[in-house]
Amino acid sequence: IEQHGPHLPISVDWFTGEALARGVAEGLNAFQLPGIPIGNSHAHHGFRGSVSVSPETLDGIVRDISLNLMGQGFRRIAILNFHGGNLIVKPTTRDINLTQDSGKVVQLHPSFVAAERLSRIFETDLADEQHAGELETSLMLHLAPEQVGPQRIDHVPNLGPAEFDYRPMRDFCPYGVWGRSSLASAEKGKQALAAMIEDTVVAFEETFSRL
């Protein structure tokens, strides 16, 4: 739950993540838990509507849910992460897997998994699509066009994503957008959603099969 510029709602990551999760769960024939709406969004401090939990809190949530499911007999837990700021999820997953032998947890970020296919759909380089740009706006135009406002902003700072490690986003993206939202379309969003679901299902299946 964080700002996504003047044209998108604060629920973008959770809303699109839920849509992706439904498709992935169907593809895996898996049970789907409700998404965790609030993650680590410290980089968006200063923008109204952005709510964040600490990495330690998110670690505890993911760890408790995973171990609780294993205690019920689940042996394969698939975590979908659709928010770049949730960096703690990777070391949390690693620690869970290496400190017990009841089951395995695999976490994937759909836009990373499907990066090659997404690069053929969008005009903007994915490295310049950090927040509220062509990708996220297209997904929302496909899933919930009534929630997309008319004020499209294109802003790509001459910086790398590591800038998020040093200062809040408002310092280098004053409108809360890092990308080119003017290039978005519902058709691109439809294609992107399908690509991410398909590639993520395959990646989960291959990983769990290997483990």
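This text gives an overview of the structure that appears in the document.

Cut-offs used in this document
Along each chain, residues carry numbers from 1 onward, in the same order as the chain's sequence is written. Two thresholds apply to this predicted model, a pLDDT of at least 70 for residue-level local features and 80 or more for giving and counting side-chain atom pairs, whereas whole-chain, interface and lining totals are computed over all residues. Side-chain metrics rest on all non-hydrogen atoms present in the structure, leaving aside hydrogens and water. When a carboxyl oxygen of Asp or Glu is within 4 Å of a side-chain nitrogen of Lys or Arg, the pair counts as a salt bridge. Put simply, DSSP H or I for four residues or longer makes a helix, DSSP E for two residues or longer makes a strand, and each gets a number counted from the N terminus. Buried, partly exposed and exposed residues are distinguished by accessible area as a fraction of the type maximum, computed with a 1.4 Å probe on protein chains only: under 20%, between the cut-offs, and over 50%, respectively. Strand pairing is assigned whenever DSSP detects at least two bridges linking the two strands. Whether a crossover is right-handed comes down to one check: with the strands pointing away from the viewer, does the path from the first strand over the helix to the second run clockwise; if it does, it is right-handed. Charge counting follows a simple rule: Lys and Arg are positive, Asp and Glu are negative, and His as well as the terminal groups are ignored. What makes two residues a contact is simply this: any of their non-hydrogen atoms within 4.5 Å.

A few points about the pattern of salt bridges
So, step 1. For the structure shown, the criterion picks out 8 salt bridges.
So, step 2. For Arg63, the salt bridge is made with Asp95, and the minimal N-O distance between the two is 2.7 Å. Of the two residues, Arg63 sits in helix α2 (residues 55-71) while Asp95 sits in helix α3 (residues 89-98), which places them 32 residues apart along the sequence.
So, step 3. The class of Asp95 is partly exposed, set by a relative accessible area of 33%.

Remarks on unusual backbone geometry
So, step 1. Within the chain, Asn29 stands out as a residue other than glycine whose phi angle is a positive 55°.
So, step 2. With respect to the secondary-structure elements, Asn29 resides in the loop between α1 (12-28) and α2.

Digging into the pairing of strand β2 (residues 104-108)
So, step 1. Where strand β1 (residues 76-80) meets β2, 5 bridges bridge the pair, whose relative direction is parallel. Its bridge partner being in β2, Ile77 is matched across the sheet by Val105.
So, step 2. Between the parallel elements β1 and β2, the chain passes through α3 in a crossover that is right-handed.

A look at the side chain of Glu129
So, step 1. Mapped onto the secondary structure, Glu129 falls in the loop between α5 (115-121) and α6 (134-143).
So, step 2. Arg180 provides the closest opposite charge to the buried, unpaired Glu129, separated from it by 5.9 Å.
So, step 3. Discounting chain neighbours no more than four positions away, the residues touching Glu129 are Thr124, Glu134, Leu135, Trp178, Gly179 and Arg180.

Some thoughts on the environment of Asn158
So, step 1. Summarising the element assignment, Asn158 is placed in the loop between β3 (154-155) and β4 (179-180).
So, step 2. Between the C-alpha atoms of Asn158 and Phe172, which are 14 residues apart in sequence, the distance is 9.3 Å.

Nothing here speaks to function; it is all geometry.
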